[in-house]
Amino acid sequence: MGADVIKIEPPNGDEVRRAGPFAEDRPGIERSLLWMVLNAGKRGVTLDLESEEGRASFRRLVTETDLVIESFAPGHPSSLGIEHEELRKDNPKLVWVSVTGFGQDGPYRDYKWSDMVGLALGGMLYLWGEPERPPTHAMASQAYYHASLGAAVGGMTALYHAHRTGRGQRVDVSMQEMVTFTLAGFGGITGYWTLEGRNITRAGPAINLGAMVSRVVFPCKDGHVAVSTLFGPHFPRLIELMKRDGAAEFLADDKWKSATRFTPMPGQWQCTQEDADVAEGVLERWLQRYTRAEIMRMVREHELMIFAVQTVPENLESEQLKSRNYFRRIEHESLRRAITYPGPPVVLSKTPWSVARRAPTLGEHNDEVFSAIGVSGERA
Amino acid sequence: MSTDGRTANGGGALSHVNVLDLSWVAAGPLVGAIFAQYGATVVKVESAVRLDVARSSPPMAKQGRAIDRSGYFAAMNLGKIGVAVDLNNERGLEVMHRLTDWADVVIEGFTPGTLARWGLDYESLSARKPGIVLISMTLQGQTGPSATVPGYGLQVHGMSGMGTLIGWPDGPPTGVTLAYPDYVVPMFAAFAGIAALDHRDRTGEGQHIDVSQMEALINVTGTATADYDVNGRTQLRDGNRLMAGDTPRAAPHGVYPVRGDDRWIAISVTNDGEWRALCEVLGKPDWTNDSRFKTNEARCGTDEELDRLVAEATRNHDGHELMEALQKAGVVAGLALDQEGLLRDPQLKHRAHFLPVAHAEWGEQLGELFGARLSETPPVVQRAAPTLAQHNEQVAREVLGYSQEEFDGLLADGAFELYGAD
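Residues numbered from 1 in each chain as written. Chains lettered and ligands numbered in written order. Predicted model: local features only at pLDDT ≥ 70, side-chain atom pairs only at ≥ 80, totals over all residues. Heavy atoms only, no water.

A. Representation of the overall build of chain A in the model. The number of helices and strands found in chain A is 14 helices and 15 strands. A principal-axis box enclosing the C-alpha atoms of chain A has dimensions of 80 × 50 × 40 Å. Expressed as a percentage of the 380 residues in chain A, the buried residues total 57%. Sequence separation of at least 24 residues holds for 62% of the intrachain contacts in chain A that already meet a minimum separation of 6. For chain A, the accessible surface area stands at approximately 15,500 Å², while carbon and sulfur atoms represent 51% of it. (Helix = DSSP H or I, 4+ residues; strand = E, 2+ residues; numbered from the N terminus. Buried < 20%, exposed > 50% of the residue type's maximum accessible area, 1.4 Å probe, protein only. Contact = heavy atoms within 4.5 Å. Areas by Shrake-Rupley, 256 points an atom, 1.4 Å probe, with all protein chains shown as cover.)

Rendered as structure tokens:
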């Protein structure tokens, strides 16, 4: 979005630098792809906040700063003598964003957190995975992303407020609370308990609407496809296609063309969970005759609401994403290659999003950042 | 504007911002709901004929008119004022233009090209009001060969690759219990919308924000793209292991049963100290001497056996007691809360995360606060979600400045709609 972002690391580097996957699977603090993805577009300096000299440099830096974001355990900055209220005396517009597992107060304040534990106590973990097995997390840390997005929204709001009023403030982000938002906004899932007295449970490849479980993900010949509402307006066309292959089975009965799971409108036929389960079985057997590419051809021709379940190589080849110049490549001179990154999450017409640079190497901008503010920093 | 809700919006960071929400179902409406939490006045415009699909989506309240019972609709539209306007009625369109003149931000999720039919596309809106910010929320964006392909957020879950990252390696892609993208993408849009307002205040220039749910969701797939590009690896779901590409990074890292039906605890051990603490709390001090488990590297190599042993050891513990004991000993652990568990969770209670607010038909809606708490301008629940056409008259009189006679005329002409009226 155009901000000048300086990443501060301890002298031995952020722990993320030691987390894989690494470029060419060879570990090294300048080879972590996780580091690169999370820190692209920033400048980087090293500072030892455990030392008085480091803290003095930090305080000096903060006088020139609009927003600080930190994710220390609650109370840790204070224990180092870093108080955001103090810093705001010299810089009244300062916005201080704290991202923690559970927030700055309350009985879990001192609980330790991980991405998976954030998902657990935020209510998401319970909803992911297969019904007869333990709940599962995601390969990419989703609870951390929820916390980041909450911090971005809250931080941007506070920054805007500071621009208008000259007054900064503290933004206290709880990962647990941010996860609850992603369950279905402001109460779309807890509503099952408050309004209907039931808990929604994980349903594997299906969506669970309490009184109704609807299969979404179906296997096909070479992977999976997703169907979000089987009994939608496309269902009669889908039945015709199955008929053509002699695979419609009992779905050939005309009543299925007007099937609905909801309260029926005039002319509709309401089918039960049992009916729907059997219908889904017919569809599953039929889809397994085809590859994703073959199914997608039928989808285009007959306007079916079916999508291919894709992975990265297919997204890289997507005509849609190519036409929007979505993926971006950034040069990494030490690796002698460019790396492909996800592109703009949103497209702004007047102030476009960009990745101006790769993630910084350890202490890469110490000289330029520290000399600009007249302090001596760490030498990497 | 009278507030029938819990909290006034006077002190919010966005209390000077007017938002017009023309979108439906979930992803678009939640952008407006986030704005409302920070104090914006958000008017939701609906059609009383072509009802928002969310109004028929569960969970359902037991009280009220059928069209106003959806807890799902209420969750997506918490804090808003609601009107019903007929855009295909000449005078209804006149009302709509007065509303867009009032608005700083317009949110919509129509198929690309639709807004132009009513003269509500960005070019027309910005010609009337150069500072306007239009947020368009669609599955695949405003441009490109797939821009007009219809569908729901759930499909984005599959297309983006997210689905392939959740579940068991020997099972199907999962994580579709909810329409996940619908609840993640709005935060990207709200962030961009607030940044655009900041830009407008400094330059007078508004803009069009084109959100593709697909593109936003690929942004939260971690290293999947880079790992494929650099190492040729397609990352895939692997239960609950903490993976770096295709190698476990730490163990034990899993979700283990505790006492009760479908009760689970998540435990993330990332170093030897936490491992020893885990053994201690589980009453298995001898495990620390077992050469198979001595180092993180060794533990990573015996993941399934280790998971089986830990699961056996946690099975008979009370979940809350075990979580507390583990956290006290410095082990990262948390219960997999169900919805009832969330509502009873002491931390969420302490943070006043859930807030009851008066609802016109149900008596009470349980609202929630957005989890980014601003100390001086905190998030608020301004009011419950609107029932259909609830605020027609107030918006006409107080926001748009129509006289009572003018409003009566607009209602009689069908510009403002009421449900069930012809």
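B. View of the overall build of chain B. The number of helices and strands found in chain B is 16 helices and 14 strands. When the backbone C-alpha atoms are referred to their principal axes, chain B occupies close to 85 × 50 × 40 Å. Counting only residues that meet the buried cut, chain B has 64% of its 422 residues in that class. For chain B, the share of sequence-separated contacts (at least 6 apart) that also reach a separation of at least 24 residues comes to 68%. With the model as given, the accessible surface of chain B reaches about 14,400 Å², and the carbon-plus-sulfur share is 48%. Distance between charge centres in chain B, computed from 35 positive and 55 negative side chains, equals 5 Å. (Lys, Arg positive; Asp, Glu negative; His and termini not counted. Charge placed at Lys NZ, Arg CZ, Asp CG, Glu CD.)

C. Structural context of the pattern of salt bridges. Summed over all chains, the structure comprises 59 salt bridges over all chains. With a closest N to O distance of 2.6 Å, Glu9 of chain A and Arg17 of chain A form a salt bridge. Per residue, the accessibility class of Glu9 of chain A equals that of Arg17 of chain A, and both read buried. Close ionic contact of Asp52 of chain B with Lys44 of chain B constitutes a salt bridge, the shortest N to O distance being 3.5 Å. Neither residue differs from the other here; Asp52 of chain B and Lys44 of chain B are each classed as buried. One connected set of salt bridges, linked through shared partners, spans Asp105, Asp172 and Glu177 of chain A together with Arg351 and Arg373 of chain B. (Salt bridge = Lys/Arg side-chain N within 4 Å of Asp/Glu carboxyl O.)

D. Expanded view of the environment of Thr314 of chain B. Residues and elements named next belong to chain B. Tracing the backbone shows Thr314 in helix H11 (residues 303–314). Spatially, the C-alpha atom of Thr314 lies 6.2 Å from that of Pro257, the residues being 57 residues apart in sequence. Setting aside chain neighbours within four positions, we find Thr314 in contact with Tyr256, Pro257, Val258, Ile267, Leu282 and Leu322. One polar contact links the side chain of Thr314 to the main-chain carbonyl oxygen of Pro257, over a distance of 2.7 Å. Here Ala311 takes part through its backbone oxygen, which lies 3.2 Å from a polar atom of the side chain of Thr314. (Polar contact = N/O pair within 3.5 Å; in protein donor to acceptor, adjacent residues only side chain to side chain.)

E. Structural detail: the pairing of strand E8 (residues 217–220) of chain A. Residue and element names in this part refer to chain A. The side-chain alternation of E8 yields two buried faces, one formed by Val217 and Pro219 and the other by Phe218 and Cys220. Across four bridges, E8 lies against strand E9 (residues 223–227) in antiparallel orientation. The residue bridging Pro219 from the neighbouring strand is His224, located in E9. The turn linking E8 back onto E9 is made up of two residues. (Pairing = 2+ DSSP bridges.)

F. Main features of the packing of aromatic side chains. All names here are of chain A. What the rule picks out here adds up to 18 aromatic pairs over all chains. Where Trp256 meets Trp269, the ring centres are 4.9 Å apart and the plane angle is 80°; that geometry is what we call edge-to-face. Residue Trp256 is located in the loop between helix H9 (235–244) and strand E10 (259–260), and its partner Trp269 is located in strand E11 (residues 269–270); the two are separated by 13 residues in the primary sequence. A residue is classified by how much of its surface remains accessible, and Trp256, at 2% relative accessible area, is buried. A connected cluster of aromatic rings, assembled from ring pairs, spans Phe231, Phe235, Phe250, Trp256 and Trp269. Sitting above the plane of the Tyr126 ring, Arg202 keeps its charged end 5.6 Å from the centroid. It is Arg215 that lies over the ring of Phe218; its NZ or CZ is 4.6 Å from the centre. (Phe/Tyr/Trp six-rings, centres within 6.5 Å; stacked < 30°, edge-to-face > 60°. Lys NZ or Arg CZ within 6 Å of the ring centre and 35° of its normal.)

G. Up close: the packing of helix H15 (residues 392–399) of chain B against helix H16 (residues 404–412) of chain B. All names here are of chain B. It is at 10 Å that the axes of H15 and H16 come closest, and there the two elements cross at 135°. By the angle class used here, H15 and H16 are oblique. Regarding H15 and H16, the two cross each other, and that crossing is right-handed. Contacts between H15 and H16 pair Asn392, Glu393, Ala396 and Arg397 from the former with Gln404, Phe407 and Leu411 from the latter. Per-class residue counts for the contact of H15 with H16 are three nonpolar, two polar and two charged. (Axes fitted to C-alpha atoms, helices over the stretch in contact; angles between N-to-C directions. Parallel < 35°, antiparallel > 145°, perpendicular 65-115°, else oblique. Left-handed = near helix turned anticlockwise from the far one by under 90°. Nonpolar A, V, L, I, M, F, W, Y, C, P; charged D, E, K, R; others polar.)

H. Inspection of the sheet that holds E8 of chain A at higher detail. Residues and elements named next belong to chain A. The strand order E8-E9-E12 describes an open sheet built from three strands, whose pairing is antiparallel. Edge positions in the sheet fall to E8 and strand E12 (306–308), since each has one partner strand and no second. In this sheet, adjacent strand axes meet at a mean angle of 35° when their direction is disregarded. Sitting on the sheet, helix H11 (residues 292–302) touches E8, E9 and E12, and the angle it makes with E12 is about 145°.

I. Geometry of helix H2 (residues 52–62) of chain A. Residue and element names in this part refer to chain A. Residues Gly54, Arg55, Ser57, Phe58, Leu61 and Val62 constitute the buried set of H2. Viewed end-on, H2 has its buried residues packed into an arc of 160°, placing them on one side of the element. Those residues of H2 hidden inside the fold are in contact with strand E1 (6–9), strand E3 (67–70), helix H4 (84–90), strand E4 (95–100) and helix H14 (366–372). (Arc of directions from axis to C-beta.)

J. Spotlight on the interface of chain B and chain A. Between chain B and chain A, the contact holds 155 residues from the first and 139 residues from the second. Buried area between chain B and chain A, both sides added, is near 12,800 Å², and the carbon and sulfur share of it is 64%. Our count for the contact surface shared by chain B and chain A stands at twelve salt bridges. We note a salt bridge from Arg351 of chain B to Glu177 of chain A, for which the minimum N-O separation is 2.8 Å. Taken together, the residues that form the side of chain B that touches chain A break down as 78 nonpolar, 50 polar and 27 charged. (Buried area = accessible area lost by both parts, 1.4 Å probe.)

K. Up close: the nonpolar core. Residue and element names in this part refer to chain B. With 153 residues, the main nonpolar core has Phe35, Ile135, Ile265 and Phe370 as its most contacted residues. If one sorts the elements of this core by residue count, helix H6 (residues 181–203) sits on top with twelve residues. Sequence-distant contacts of Ile135, defined by excluding residues within four places in its chain, comprise Val31, Phe35, Val105, Val106, Ile107, Glu108, Ala189, Gly193, Ile209 and Val211. (Core = buried A, V, L, I, M, F, W, Y, C linked by side-chain atoms within 4.5 Å.)

L. Local environment of the environment of Ala120 of chain A. Considering the arrangement of structural elements, one finds Ala120 of chain A in helix H5 (residues 115–121). Residue classification places Ala120 of chain A among the buried positions, given a relative accessible area of 0%. Sequence separation of Ala120 of chain A and Ala143 of chain A is 23 residues, and the distance between their C-alpha atoms is 9.3 Å. In this view, Ala120 of chain A contacts Leu125 of chain A together with Ala266, Gly334, Leu335, Ala336 and Leu337 of chain B; residues no more than four positions away in its chain are not counted.

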